[in-house]
Amino acid sequence: MEKVWRYVKSAPLTYSWLVLLLTTTLIQHSIPARRLHALLQKESTNLHHLASDPIRVLIQSLLWIDGQYWWPYLVVFTLFLAPAERWLGHLRWLVVGLVCHIGATYLSEGYLYWRIQEAVSSPRLIDARDIGVSYFVVGIVGVLTYRIPPRWRWVYVVAAAVVFGVSLAVKRDFTQLGHFSALLIGLGCYPLTRSRRRQAAPA
């Protein structure tokens with residue numbers, strides 16, 4: 001138990017965020033469905049909110065999960081976010097995640113805007129619900145490539161590209177484009193890992 005607590009303390013941002021998500025998930029389960037829908041709609045990074053109040057929704061959309069169950073986030077945060085925070089340090093971890101979250105949000109919503117302008121998608125999607133932590137998480141999955149031992153690195157990259165590439169090919173919606181974009185942006189964050197890689201080399 002002491003080892004577990006020591007590990008949790010070594011990634012305080014990851015596990016503080018996880019506790020916050022547990023709190024908001026409990027709130028989601030405790031309020032009526034109609035009120036929950038209105039709440040999540042208000043926190044969505046959709047085209048309407050990005051045009052009128054971008055900073056608020058870019059931050060607040062990270063405080064809610066898009067689903068019923070919290071426990072998968074415990075697994076994902078422990079497998080990907082906590083190791084990345086321990087490796088990159090708190091500030092770089094936060095910068096990488098936010099860059100991926102913001103970049104993927106604008107790329108995916110820009111694609112949706114283009115589809116609406118071309119009359120391919122319904123104008124009602126201006127208010128489409130888009131909340132959650134997935135772009136941040138997928139970006140961290142991408143940057144963790146540079147933590148993988150060289151002999152396994154390409155296997156990891158190909159596996160990640162296949163997972164998110166197949167999802168994009170099958171669904172072809174703005175959310176899946178956002179996931180794939182977040183992965184690429186995470187891979188593009190290599191410069192933020194360079195000093196960490198040099199420090200880890202002697203070990």
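Within each chain, residue numbers correspond to sequence positions counted from 1 in written order. Local features in a predicted model are, by the rule used here, given only for residues with pLDDT of at least 70; side-chain atom pairs are given and counted only at 80 or more, and totals for whole chains, interfaces and linings are based on all residues. Excluded from the side-chain calculation are hydrogens and water; included are all heavy atoms of the structure.

Student: What exactly am I supposed to notice about the pattern of salt bridges here?
Tutor: Should a side-chain nitrogen of Lys or Arg be within 4 Å of a carboxyl oxygen of Asp or Glu, the pair is scored as a salt bridge. Applying the stated rule across the entire model yields four salt bridges. Put simply, Asp 53 and Arg 56 hold a salt bridge, and the shortest N to O gap is 2.6 Å. A salt bridge links Asp 66 to Arg 129; the shortest N-O distance between them is 2.9 Å. Of the two residues, Asp 66 is situated in the loop between helix H5 (54-60) and helix H6 (71-88) and Arg 129 in the loop between helix H7 (90-117) and helix H8 (134-143); the sequence distance between them amounts to 63 residues. Several salt bridges converge on common partners, so that one network encompasses Glu 43, Asp 53 and Arg 56. Helix and strand labels come from DSSP, where a helix needs a run of H or I of at least four residues and a strand needs a run of E of at least two; each type is numbered from the N terminus.

Student: Help me understand the packing of aromatic side chains, please; the structure alone is not making it clear to me.
Tutor: Ring pairs are drawn from Phe, Tyr and Trp, using the six-membered ring of Trp, whenever the two centres fall within 6.5 Å, and their geometry is named by plane angle: stacked under 30 degrees, edge-to-face over 60, tilted for the rest. If you walk through the whole model with that rule in mind, you get six aromatic pairs. For the ring pair Tyr 146 and Tyr 190, a centre distance of 5.0 Å and an interplane angle of 65 degrees mean the geometry is edge-to-face. Here Tyr 146 is found in the loop between H8 and helix H9 (150-171), whereas its partner Tyr 190 is found in the loop between helix H10 (174-187) and helix H11 (194-200), with 44 residues between them in sequence. In this scheme, a residue with accessible area under 20% of its type's maximum is buried, one over 50% is exposed, and one in between is partly exposed, where area comes from a 1.4 Å probe on protein chains only. Taking the relative accessible area as the measure of exposure, Tyr 146 reaches 16% and is therefore buried. One aromatic cluster is present, formed by Trp 17, Phe 77, Trp 93 and Phe 136 through successive ring pairs.

Student: Can you walk me through H7 in this structure?
Tutor: The periodicity of an α-helix, 3.6 residues per turn, causes residues three or four positions apart to be oriented the same way. A helix's residues, less one, multiplied by 1.5 Å, set its expected span. Between the first and last C-alpha of H7 there are 40 Å, a value that for 28 residues agrees with the 40 Å anticipated at 1.5 Å per step. Residues count as neighbours in contact if any of their non-hydrogen atoms are within 4.5 Å of one another. On its buried face, H7 sits against helix H2 (12-30), helix H4 (47-52), H5, H6, H8 and H10. One or two steps after H7, the chain reaches Ala 119, where phi turns positive at roughly 60 degrees.

Student: Mind showing me how you'd approach the packing of H9 against H10 here?
Tutor: How two helices pack is summed up by the angle between their axes together with the distance between the axes. Interhelical geometry of H9 versus H10 gives an angle of 155 degrees and a closest axis separation of 8 Å. In terms of axis orientation, H9 runs roughly antiparallel to H10. The handedness of the crossing between H9 and H10 comes out as left-handed. For the pair H9 and H10, contact is made by Ala 160, Ala 161, Phe 164, Gly 165, Ser 167, Leu 168 and Lys 171 and by Gln 176, Leu 177, His 179, Phe 180 and Leu 183, respectively. When residues are sorted by character, Ala, Val, Leu, Ile, Met, Phe, Trp, Tyr, Cys and Pro go into the nonpolar class, Asp, Glu, Lys and Arg into the charged class, and all the rest, Gly among them, into the polar class. For the contact of H9 with H10, the class distribution of residues is seven nonpolar, four polar and one charged. Think of each axis as a best-fit line through the C-alpha atoms, taken over the contacting stretch in the case of a helix, with angles from 0 to 180 degrees between the N-to-C directions. Here the angle decides the label: under 35 degrees means roughly parallel, over 145 means roughly antiparallel, 65 to 115 means roughly perpendicular, and every other value means oblique. Crossings are sorted by hand: turned counterclockwise from the far helix by less than a right angle, the near helix makes the crossing left-handed, and turned clockwise it makes it right-handed.

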